[in-house]
Structure formats: structure tokens, C-alpha cells
Amino acid sequence: MTTASEAPPVETVDLAVTPLRELNQRLHDLQKGTAGPRHWRVVNPNGAHAIACGLDASVEVEIEGHAGYYCAGMNKQATVRVRGNVGTGAAENMMSGQVIVDGSASQSAGATGRGGLLVVHGDASARCGISMKGIDIVVRGSVGHMSAFMAQTGRLVVCGDAGEALGDSIYEAHLYVRGSVAGLGSDCVEKELRQNHRAELTELLDRAGIDDVDPAEFRRYGSARQLYNFKVDNAAAY
Amino acid sequence: MTTVDGQLWNLRESYLYDRIVIAEIHRAAREGIYDIRGFGAKRRVPHFDDLLFLGASVSRYPLEGYRERCGTDVTLGTRFARTPLELKIPVTIAGMSFGALSAPAKEALGRGATEVGTSTTTGDGGMTPEEREHSKTLVYQLLPSRYGMNPDDLRRADAIEVVVGQGAKPGGGGMLLGHKISDRVAAMRDLPKGIDQRSACRHPDWTGPDDLEIKIQELREITDWEKPIFVKVGATRTYYDVQLAVKAGADVIVVDGMQGGTAATQDVFIEHVGIPTLPAIPLAVQALTELGMHRQVQLIVSGGIRTGADVAKALALGADAVSIGTAALIAMGDNSPEYEDQYRQIGSSAGFYDDWQAGRDPVGISTQDDELAARFDPALGGRRIANYLRVLTLEAQTLARACGKSHVHNLEPEDLVALTVEAAAMARVPLAGTDWIPGAAS
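Residues numbered from 1 in each chain as written. Chains lettered and ligands numbered in written order. Predicted model: local features only at pLDDT ≥ 70, side-chain atom pairs only at ≥ 80, totals over all residues.

## Let's talk about the overall build of chain A
In terms of regular secondary structure, chain A is built from two helices and 11 strands. Along chain A, helices and strands appear, N-terminal first, in the series β-α-β-β-β-β-β-β-β-β-β-α-β. What you see for chain A is a C-alpha radius of gyration of 19 Å, in line with the 18 Å of a compact globule of 238 residues. Taking the principal axes of the C-alpha coordinates as reference, chain A spans close to 65 × 40 × 30 Å. Buried positions account for 54% of the 238 residues belonging to chain A. Long-range pairs, those at least 24 residues apart, make up 26% of the contacts in chain A with a sequence separation of at least 6. (Helix = DSSP H or I, 4+ residues; strand = E, 2+ residues; numbered from the N terminus. Rg over C-alpha atoms; globule rule 2.2 N^0.38 Å. Buried ≥ 20, exposed ≤ 12 C-beta atoms within 10 Å, placed from the backbone. Contact = placed C-beta atoms within 7 Å.)

## Points about the sheet that holds strand S3 (residues 60-64) of chain A
Residue and element names in this part refer to chain A. With mixed pairing, 11 strands are arranged side by side in an open sheet as S1-S2-S3-S4-S5-S6-S7-S8-S9-S11-S10. Either end of the sheet is taken by a strand with one partner, and the two such strands are strand S1 (11-14) and strand S10 (188-191). Strand-to-strand twist across the sheet, computed as the mean angle between neighbouring axes with direction ignored, equals 15°. The pairing of strand S8 (residues 153-158) with strand S9 (residues 174-177) spans four bridges and is classified as parallel. Residue pairing for S9: Val158 is matched across the bridge by Val177. Running at roughly 75° to S8, helix H2 (residues 195-208) makes contact with strand S6 (117-120), strand S7 (133-139), S8, S9 and strand S11 (219-223) of the sheet. (Pairing = 2+ DSSP bridges. Axes fitted to C-alpha atoms, helices over the stretch in contact; angles between N-to-C directions.)

## Digging into the interface of chain B and chain A
With 23 residues of chain B at the contact, the number on the chain A side is 36 residues. Element by element, the count of residues in the side of chain B that touches chain A is highest for helix H6 (residues 208-222) of chain B, at six residues.

## A closer look at the pairing of S6(A)
Residues and elements named next belong to chain A. The alternating pattern of S6 places Leu117 and Val119 on one face and Leu118 and Val120 on the opposite face, and all of these are buried. Relative to S6, strand S5 (residues 98-101) runs parallel, the two being bridged by four bridges. In the strand pairing of S6, Ile100 is matched with Val119. Here S6 runs beside S7; their pairing, made up of four bridges, is parallel. From the neighbouring strand, Val119 faces S7, where its bridge partner is Val138.

## Comments concerning the packing of helix H2 (residues 103-116) of chain B against helix H14 (residues 378-402) of chain B
Residues and elements named next belong to chain B. Across the interface, H2 lies against H14 with an axial gap of 7 Å and an inter-helix angle of 45°. With respect to each other, H2 and H14 are oriented oblique. Seen along the crossing, H2 lies across H14 with a hand that is right-handed. Between H2, through Pro104, Ala105, Glu107, Ala108, Leu109, Arg111, Gly112, Ala113, Glu115 and Val116, and H14, the contact on the second element is made entirely by Pro378, Ala379, Gly381, Gly382, Ile385, Ala386, Leu389 and Arg390. Among the residues making up the contact of H2 with H14, the classes are represented as 11 nonpolar, three polar and four charged. (Parallel < 35°, antiparallel > 145°, perpendicular 65-115°, else oblique. Left-handed = near helix turned anticlockwise from the far one by under 90°. Nonpolar A, V, L, I, M, F, W, Y, C, P; charged D, E, K, R; others polar.)

## A look at the confidence of the model for chain B
On average, chain B scores 95 in pLDDT, and the residues at 70 or more come to 100%. The ipTM value of the predicted complex is 0.94, and its pTM value is 0.95. (pLDDT = per-residue confidence, 0-100.)

## Quick word on the environment of A:Val86
Residue and element names in this part refer to chain A. Residue placement: Val86 occurs in the loop between strand S4 (79-82) and S5. Note: C-alpha distance between Val86 and Gly68 (18 residues apart in sequence) is 5.5 Å. Discounting chain neighbours no more than four positions away, the residues touching Val86 are Ala67, Cys71, Val101, Ala105 and Ser106.

## What to know about H2(B)
Residues and elements named next belong to chain B. For H2, built from 14 residues, the straight-helix expectation of 20 Å at 1.5 Å per residue is met to within 8% by its first-to-last C-alpha distance of 21 Å. Burial runs high along H2: 11 of the 14 residues are buried. Within H2, burial applies to Ala103, Pro104, Ala105, Lys106, Glu107, Ala108, Leu109, Gly110, Arg111, Gly112 and Ala113. On its buried side, H2 packs onto strand S7 (91-93), strand S8 (120-121), helix H3 (129-134), helix H11 (326-331), helix H13 (370-373) and H14. (Expected span 1.5 Å × (residues − 1).)

## Concerning the nonpolar core
Grouped together as the largest cluster of nonpolar side chains are 201 residues, with contacts concentrated most on A:Val157, B:Ala250, B:Ile253 and B:Ala284. For this core, the leading source of residues is helix H9 (residues 277-290) of chain B, giving eight residues. Those residues in contact with B:Ile253 that lie beyond four places of it in its chain are B:Val231, B:Val242, B:Ala245, B:Ala284, B:Val297 and B:Leu299. (Core = buried A, V, L, I, M, F, W, Y, C linked by C-beta atoms within 7 Å.)

## Remarks on the sheet that holds S7(B)
Across the sheet, which stays open at both edges, the eight strands sit in the order S7-S17-S16-S14-S13-S10-S9-S8 (chain B) with parallel pairing between neighbours. Of all the strands in the sheet, just S7 and S8 of chain B have a single pairing partner and so form its edges.

## Some thoughts on the domain arrangement of chain B
All names here are of chain B. Annotation of chain B at the domain level lists domain 1 (3-37) and domain 2 (39-427). Taking only C-alpha atoms into account, the centre of domain 1 sits 33 Å from that of domain 2. Of the residues lining the interface, four residues belong to domain 1; the matching set on domain 2 comes to 10 residues. For the side of domain 1 that touches domain 2, the per-class residue count stands at two nonpolar, no polar and two charged. (Domains from an automatic or database assignment.)

## Focus: the pairing of strand S10 (residues 159-163) of chain B
All names here are of chain B. In terms of burial, S10 is a largely internal element, five of the five residues being buried. In S10, alternate side chains face the same way, and those of Ala159, Glu161 and Val163 on one face and Ile160 and Val162 on the other are all buried. Taken together, the four bridges between strand S9 (residues 138-142) and S10 define a ladder with parallel strand orientation. Its bridge partner lying in S10, Gln141 is registered against Glu161. Considered for its hand, the β-α-β crossover made up of S9, helix H4 (residues 151-156) and S10 is right-handed. (Right-handed = clockwise from strand over helix to strand, strands pointing away.)

The following block contains the structure:
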């Protein structure tokens, strides 16, 4: 049996030779109290799906290359860093911890996330932050259409541009965009960027490790709260 | 004017514009919004009532009622899951949300299901501690909204049901009106209190069967391939949906016919979208059979299951189990004449009450009002559910024995005939007294 003190500082798993199931099982075993490595390095991911999903332990996982769908899905506690791009649904339904993508993310990044921080240093595609429920998402580049669709709570920071229908049917999530917005969705409006929002932005950018962007350059968007209860006079907005 | 016993005999009601239609036009003109209601389809469609069993006689040998054993157990999730569900009866409780239903009602469903050895299911809104505590076997739904979704509950569940659609509204999302968004419901769903809560009609992180296959892979990875994965679809293009769900890796397919219940859906949706349960079963069985997956991937059928006869007929057509929703609520006291006075006070009547969306249920089932919910005794409700499930099972066994079957799963289409041409065509069994199955290759 390997004890924590005897464990090597970095456990390297080569997905070219190790089945994904084995990697995820070993990572899951950590949440059951099993002693083991706290720092993991995954090489040759080759776009595999569901890498490091369902973690629930305070570990660091570095993925050296591109990951497929649902990388770090439903993450709790863990810090997962992808030194590449990620496919659909990265960090979907994340509860806590951090997921950092050095490259770009496909659609639905951070979908329905309920906590934690997702950082995308490249661009994120369509539906970034869709139905977000408390997650914080910071995108250094731009996001695609329908981002923050039905976003409930949490914060989405976009240092680049946003596509069409940003924040469509948004609830109480906070949206910040530094560049242009191609269009706002139903019930999403621009709001005043006050001092407390600048402070919120500063904190989010700081946590994301982005220090070359001025929070004052952002615009804030949120819900007009006109569609919270159905009124027939609003039917044209649906 | 011709009158008999005070009734006018010379007034002729229009078939096209009967009183129901007239009342709805008046309501629409007055309120300016479509009718949203609970319950399920109220129109008549071909159903299990249009089928009959051919009991044993000279050419078939029956089993003795009350004496000879007729098995009812079913195993769900044998394809990939490490821990399939072992149920004692082939009748399960369908997904109904905390939010649509009160917490005591959810608890009662768990108690009743557990007492007779079957499963119950969460719903759109997450898993409550009460239902987990009182449900030995609990299926956790993964819905487009993902309200309350979290990996801990995923692991606490005994199976996972990916909900693509439901029979009452295939292609539609959900709606929980503001007066049912209590503090607790709002907290579970990460929403402000009192708003009209929309449930999305599409999943947020997958589109199409190829994505679904990867989503299922993720769910299996998160739960270490332990839990059976169900895929639930509303009955529409059932043949294709079932084949695609199998291809995506489902362990169990749930097909919900258009009679399936709902807590809150537009009436126009309930009555005009989807196909009845009766034709959906042969379509699903055909899809599974052609893939060599019938009985390998289990089929659960729901939508209008009320009696043991319905259960037996669904199984005879090829289902492995059935699921009940509306009937379970009725078993717990919904629409009981006992509450007639209170139904009258809210403009309804026992036997007709369908405003489950309104949250004013005098029985305390479809409400989030603490005072109303407190009227409902979960222990008594659980007992009634258990009794009802036992009756369904006994009735199904009675019919199976009459057909000479030592297990309800041994019932087969050959045991059935249809009373109408429509039912014969849809169920793919002969019209009674003939060997004619309309539409079947000669």
C-alpha cells in the first residue's frame, strides 16, 4: 500500500497506454479517503472525452494536450488545467474548484455550473455559461452566440467580444463584456457599471490570473426582469 | 318548446362547438393566454381498453389462481451497468418533481414504492433528502434544466434517467408557475422566489444522438459504470428514437405515450402532440428487436397505465415494465370526492381537477403551500401507493395465469386481440374474431 507521504510528487498517466476508465477510477478513489498522489499529469489525452470528470478531492490535474467533451465535468474541489483546447461541455455542472483551459473551448463551456471557477484563455464557442447556476467563468478571448442563455446566477466575464443573443432569458447572473456584443437576447439589458461591479471584476480577473486588462473597460449586462412572470403583453418577446 | 322533466328537447348542441369548446374560446378571449394545466390528455385515443386477452381453454393450459406461482420480478439495466436494478414488480413510479409535488407527497411515493419493492424517480428540481431516505430504489433524472443537479446525488442514486422528453409534451420544456416557487424550491433550483420558472426543452450540453452517446459515457465515468442509464423519450418518432437511444448506449429505454401526465403544460400541447401509448410499444419493440436488443435493453412504458389489465397488456406487447404517474397521484387521494367542497371553492370538482399548476390542491399533493401540504400524511399516502401497486400486480398476475403464464413477462402479443380496427393496427394484434392485423404484411 502506498501512503501519502511515500507518494511521488507528480503521478503521470499516459492515456496512450492507460485506459481512461483506470485514470478516472484512480482519481475517484481519492475522494473515498484513499491516500495517493495529489498532483497528476495526464499525457497523450488525444481528445479523449470525460477526462477527469466527477472529481471530488483537492488534487491538481494537468492535462498535456487537447481534451474532448465534458473535460472535468461536475468537478468538485479539484484544480484541472488543460494545456490545449477542450471540446463541448468543459467543466459542465462544476460545483467547486477550478478548471483552467490554456487554449479555446468548444460550445457549452461551464454549462449549468453551480460553483467554482472556469478560466478559458482562448475563445469559448456558443452557449458558454448556458444555464449557469453560480459558477464564475472568465474568458480571455471571445464567446459565441447564445452565451449565458437562461443564466441563473454566477458571473461571466468576457475580455473579448460576445456573439448574438447574449444572456437570452437571463435571470440573476452578472455578465461583463469588454468588447462588442453582437446582440442581446430577450430580457437582457445593459446596466450601469458601478464601483462594486468594478471590484467584482477586479476580483474575478485576479483569480483568473489576468492582470493586463482594465476592469473599467467592461460593460455590464443583466436581466431587465420583465419576463419573470408571464404577461400576455410580452408575448412578442418570446 | 318541447320539454320532458324540465329538459329542453329541441336544443341541439353543436358537435363542432360543444360547451367545452365554447368555454375555452370565452376563456381565451378573456385571459389572453393559452390554458396551462396538469393531468394528461383528456381526449379519447386508442388505448389498452381496446384490447382483450384470449384466456386459456382447450388449446392453452391456464395456471391456478391463488396457488400456482406467477413471477413478477424484473431486472433493469443489464446491458452495461455494474449494479442493475432488481425490482419485485414490473410497475415503477415515474418522475415527478419536488416543486410540482409537495415534499410529503414525494416522500409517500418513496415509501409506497419501497414497501412493494419497486423504484421511484426524482423529477425536474433535484433530489430531496426525504425521497432519498424513503426510497430504497431511486432513479435520478438528468433533465435539460439541470435544476438541483449535482454529482453527490448522482452517486446517491440507484439509476440515472436522461430525460429527452415526456409524453405530455414531446419537444416542449417545462413550466413551474411562480406561486409554486417557494423558498425551498427556489433554493434548490438557484432561482429567485416567485418567478415563473422555465425548464428548457433542449439539453444545454449535447445535441443529437452522437453527443448523447458521449454524455452517457461521462455519466458512466462519473459514477464508475455502476448505475444503469435510462433514456426517456416522449412517444413520437418512437422507432427511430429507440434505435438512436440504444446506439447512444442506454441500458433502459422509457417510452412515455401522449396520455402521460404533467404538472403544468399548455392544453394545446397535451392534446395535440405525440402518439398514444398503444402504437408506441410495438414501434419500440420493433426497434429493439431489429437491433437484437429486445430484453437486453429493457423497455419501460408509461402513459395511461391505470389497472393491472393495462400493466399486463403493456407487458404482453413487449414492455419489461411500466411506470405510473397520474394514477399514483390519484391513489394518494388526488380528485377524491372526500374533498368535493374544497374543489368547489376553487372552481373545480372531484373527478375533474387538473389545475395542478396552480398550487392550491386541497389534498396537499400538487402544492408548495405549507398549510395545504401539511394536510397530506406521507405514511398514509405511502400505504395507499403500496396497496395500489399490489392491486396492479395482482390483477396482472391474474390475467397472466389465465393465459397460462408462470411469469408476467411470458405474456405475448399472441395473447391479445383488438376490439377496433384502429387498435388492431396500432397494437399489431388481430381484430377480435379474425386473423387480420391492419397494415401487417400478408
